[in-house]
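Descriptive structure summary
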Amino acid sequence: MHQIRNFCIIAHIDHGKSTLADRLIQRCGGVADRDFRDQILDSMELERERGITIKSNSVTLDYQAQDGKTYQLNLIDTPGHVDFSHEVRRSLMSCEGALLLVDASQGVEAQTVANLYLALEYDLEVVPVINKIDLPAADIERAREEISEDLGLDPYEAVLASAKLGQGIDEILEAIVQRLPAPEGDPEAPLQALIFDAQYDSYRGVVLLCRVRQGALRAGQTVRLMHTGKEYDVEEVGLLRLKKDKRNELAAGAVGYAIAGIKTVRDIAIGDTVTDASQPVDTPLPGYKEAKPVVFSSIYPVSTEEYEDLGKALDKLALNDAALTYDKDSSSALGFGYRCGFLGLLHLDVVQERLRREYDLSLILSAPSVRYRVRLSSGEELKVDNPSLFPDPSEVESATEPYIKASVMMPERYIGVVMELCRERRGLNTTFHYLAQGRVELTSEMPLAEVLFDFYDRLKSVTQGYGSFDYEVLDYRPTELVKVDILVNGDPVDALAQLVHRDKARQRALHYCERLAETIPKQQFKIAVQGAIGGTIIARTTINPFRKDVTARCYGGDITRKRKLLEKQREGKKRMKRVGSIEIPQSAFVAVLKTDVD
Amino acid sequence: MHLPGRSALGVDGTGIYVHVPFCSKICPYCDFAVTTPGGGRRRSYLPAILGEIGLVCRDAWRGAPPPAPADTIYFGGGTPSLLEPDELEEILGALARRLDLVAEPWLGLEANPEDVTPRRLAGWRRLGVRFLSLGVQSFDEDGLAFLGRRHTAAEARNAVAVALAAGIETVSVDLICALPGQSPASWRRELEIATSLAPQHLSCYQLTVEPGTPFAVMRRRGRLRELPEPAQGELVLLTHTWLAERGYQPYEVCSFAVAPEHRSRHNPKYWRHAPYLGLGPSAHSFDGQRRWWNLRQLGPWAEAVARGRRPVEDEELLTPMQLALEELMLGLRTVEGIELDGYRRRHGVDLVAANRATCAALGRDGLLTDDGGRLRPTTAGLAVADAMARSLDLEADGAVESAEAGSSGPRA
Ligand SMILES: Nc1nc2c(ncn2[C@@H]2O[C@H](COP(=O)(O)OP(=O)(O)OP(=O)(O)O)[C@@H](O)[C@H]2O)c(=O)[nH]1
Ligand code: SF4
Ligand SMILES: [Mg+2]
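**Observations concerning the environment of A:Asn6**
Residue and element names in this part refer to chain A. Looking at the secondary structure, you find Asn-6 in strand E1 (residues 4–11). Its 27 C-beta neighbours within 10 Å are what place Asn-6 among the buried residues. Residues Asn-6 and Gly-253, 247 residues apart in the sequence, show an inter-C-alpha distance of 8.3 Å. Those residues in contact with Asn-6, other than ones at most four positions away along the chain, are Asn-74, Ser-94, Cys-95, Glu-96, Pro-183, Arg-211 and Val-255.

Rendered as structure tokens:
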């Protein structure tokens, strides 16, 4: 056990975690050269294309240290984006230590701080690594000062590295072995293992990733999951190398996988404790908070025939994504669909992207919403995340909405514009403090709903890309909630209805009216597009008749191309959704409802 | 393969199009099948085009009964003026020997201003060129530079003047409007210069940014901003009104002539579904129902010919619906519009009945007139012809269902 080290790599997004993991894997001979590719642990197509990590990934490596001994290193690469911080949390639970990367050209950023706090919450030993020292813009001294002042770590313990060029890799490996503690736990005691992750394998069912705290997990054992109470027979255990490496048992201190005939990830809870059914422990390991969806949106297929396929695709995605929720939903403008819950906008974007790509579906998503709590005059309390379920305003007594603690780190010179942005977004108790190197961290208590609408883009633009953002959900606070309807020639378009704070209603309604007016093709008559609360019109635009797109050139005998374009446009017209007397093309919904994602 | 009633359209003869795929420099907005003449490509063309004519003549219409003899020949490109008159003569000779032509077909040729010399003009006249389309594009130095053209404004003016002086029956000037930032005033200046030179024909296109062109890349990178649609529409209307006042009558969205006899006799065949035979890379052919097209690139095209294969890339057989749709789309681009009786006879569609509300609305908006016999776009309508083609239905609402119900009802 003394020769095991369990650690994860944490950092702000893009600071080089997956690249460092590559180097560690290569240095430990974890992959043959011909099988190697960059960010090898990022196996999802989407991860590879976007160059971001979405899911944590574990791998076991053998490291021959300078002391002559061979260590078993269990490495977990984690995602940097705030939407996936629950993944980081899970990973931390199974480790004794963490490598905290800081990009030498960017310095300490919002998720650097957030992830360090998480690591400290789980009492991990942290080794700071200053990465990307090869970059011309690298400023090692500045990074050191920030590590000292903003993170409170000893800057001279930081290892200097370039994951890209493979510099500092040996130092990092030695630091892991020397500075991170070995796991503790009695191998003879009754089994107590933590489920920190799970994957779905279409052949084997659920593959549990476990950290054994005490005792041993063996093939053939009957185990009980303490939280759900269900019992399973363990079919196989082993280490997660780049391929599964089957073993007879996982002893105390080990990190590995277990397969036990479990059908879906919904049958288990991450953070649950595995114990021996015949010799159970009394208390489970301290559990882990479930990642709860906080952002909701309805997903509709563009063509109604794809409704069933959409359902099947969501079933499949959910097998491996326990945080995704979905229920049947319907709209008179867009037909049948699903109301889905997500961890954040990036999660939403990842899900819709996978549905489009891996399942070849064309989709329309309604505007993302948070979940409100609405108290009725009758005393009853409702949870409402879908505008179509918002009760009649006369019955509503009060409402609350989720607040977050937003934290933004940026160079000092942007403090004014960011404060202004927070004020605009109904931020409360906005405070800031100075960090090293002329930077500030601003925190503000802000409704989550305000972040869902255009926030990342605005932050990026007002700070010229220098601001970084992180948040955690705080609590529910009173709000003045109204339902804004968008009317086209007097008829409400249900798919465009939204729940918003009264102060924001007009602005939001106008935004939607204008976008809609840009995208509904002009018809033979004037069309009024209005925003309304109940019967009161609060915003309006009109679409003047007939779209004046100039006639395109038609050259030579290639009439076919021109006709095909026309056929496509006419096809689009057929697929328009009729709202009252007006036909609205799908493309208008798509354009109006386009979300902005970091 | 004749469509019933095509004679009513007044375009009986077949057209022959010869694509000459070379340009000494490729313009950044161009998406035609073009290449530069270097690398032996220019030399490979003449034998290949003669070879294609030799191949095609055995069965020009690919199994279909041959339509009427060809009465127009058009050399387009690319830059046909890069061919020397004696090369053109060789091609024309082959066409006359191998294909079914009338005695003196109408002959059109595209030329770039820098190629217009008295010697070539004399050659072209001798060959019977009656329509010379000059790729001027702009009379403004900045405009020419933006469009990546090789000639100067002075050369362009000179070319028009020399061509007119040489006695070519119809000299046409091609212009491109709606360049980024172009104001109505600056476009009017272009038109002023063009009309002051008094060519018999003008073609005015809007700049369109086609996918895959350098302009498309520039647009994506934010280095090219197209003129907004309303401003483009304004320029189109300005073109029509300004030219009409000076005696240039439109006969199609982009085409203007001082008198009907100076109109292109070839292009209307495309608009009127007349048969045409295309030769050279990328050229399209149409026999009334089927359309096929040649391999787009010079190399593969020439290679197919060298192997004795007809260089056709693909074909399509138009459904009755597609024929009806094309005729609608193309008809609305022409001043003559759509003759309703003929349309109904050919396609079984009563356009006015199927679109009562739309026609009335378009009429009220001053875009379309219905004088009983014809649906004609107004000047403003021409500017938005594509949009009108989108909005007109080819079936009355529920017509299909009620027809079915009618036929099965009594028997049941
Ligand atoms: N110059 C330089 N670039 C690096 C270095 N390490 C990583 N990068 C680059 O930084 C980018 C992000 O690297 P990743 O390893 O994907 O970063 P990450 O922290 O895993 O990102 P997320 O998983 O999305 O949070 C990639 O383009 C890497 O090539 C380094 O040491 N030097
Ligand atoms: S001259 Fe005409 S055909 Fe040649 S590249 Fe320019 S636009 Fe294209
Ligand atoms: Mg990563």
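Right, picking up where we left off after that structure.
**A few points about the site of ligand 2**
The full set of residues close to ligand 2 is B:Cys23, B:Ile26, B:Cys27, B:Cys30, B:Phe32, B:Val34, B:Gly77, B:Gly78, B:Thr79 and B:Gly135. Counted by class, the shell around ligand 2 contains six nonpolar, four polar and no charged residues.

**Some words on the site of ligand 1**
Residue and element names in this part refer to chain A. Surrounding ligand 1, one finds 21 residues, the nearest of these being Gly-16, Ser-18, Ile-52, Thr-53 and Gly-80. Considering each element in turn, the shell around ligand 1 owes the most residues, three residues, to helix H1 (residues 17–27). Split into classes, the residues belonging to the shell around ligand 1 amount to six nonpolar, ten polar and five charged.

**Quick look at the sheet that holds strand E11 (residues 231–233) of chain A**
Residue and element names in this part refer to chain A. In space, the eight strands of this open sheet follow the order E11-E10-E16-E7-E8-E15-E12-E13, with antiparallel pairing throughout. Since the sheet does not close on itself, it has two edges, and those belong to E11 and strand E13 (244–247), each with one partner. Here the strands of the sheet are splayed against their neighbours by 40° on average, with no regard to which way each runs. As paired elements, strand E10 (residues 222–225) and strand E16 (residues 273–276) share three bridges and run antiparallel to each other. Looking across to E16, one finds that Val-223 is bridged to Asp-276.

**Points about the sheet that holds strand E2 (residues 57–64) of chain A**
Residues and elements named next belong to chain A. Taken together, the six strands give an open sheet; going across it, the order is E2-E3-E1-E4-E5-E6, and neighbouring strands pair in mixed fashion. Edge positions in the sheet fall to E2 and strand E6 (159–160), since each of these pairs with one other strand and no more. Of the strand pairs in this sheet, E1 and strand E3 (residues 70–77) are connected by six bridges, and their pairing is parallel. Its bridge partner lying in E3, Phe-7 is registered against Leu-75.

**Considerations on the interface of chain A and chain B**
Listed by partner, the interface residues are 24 residues for chain A and 38 residues for chain B. Tallied by class, residues from the side of chain A that touches chain B come to eight nonpolar, six polar and ten charged.

**Description of the confidence of the model for chain B**
Residue and element names in this part refer to chain B. Per-residue confidence for chain B gives a mean pLDDT of 89, with 93% of residues at or over 70. Considering only residues more than four positions removed or in separate chains, one finds that residues 1–10, a stretch of pLDDT under 50, has 19 contacts. Every residue in residues 397–412 scores below 50 in pLDDT, and together they form one contact with partners more than four places removed in sequence or on other chains. Listed scores for the predicted complex are pTM 0.55 and ipTM 0.88.

The rules behind these values
Residues numbered from 1 in each chain as written. Chains lettered and ligands numbered in written order. Predicted model: local features only at pLDDT ≥ 70, side-chain atom pairs only at ≥ 80, totals over all residues. Helix = DSSP H or I, 4+ residues; strand = E, 2+ residues; numbered from the N terminus. Buried ≥ 20, exposed ≤ 12 C-beta atoms within 10 Å, placed from the backbone. Contact = placed C-beta atoms within 7 Å. Near = placed C-beta within 6 Å. Nonpolar A, V, L, I, M, F, W, Y, C, P; charged D, E, K, R; others polar. Pairing = 2+ DSSP bridges. Axes fitted to C-alpha atoms, helices over the stretch in contact; angles between N-to-C directions. pLDDT = per-residue confidence, 0-100.

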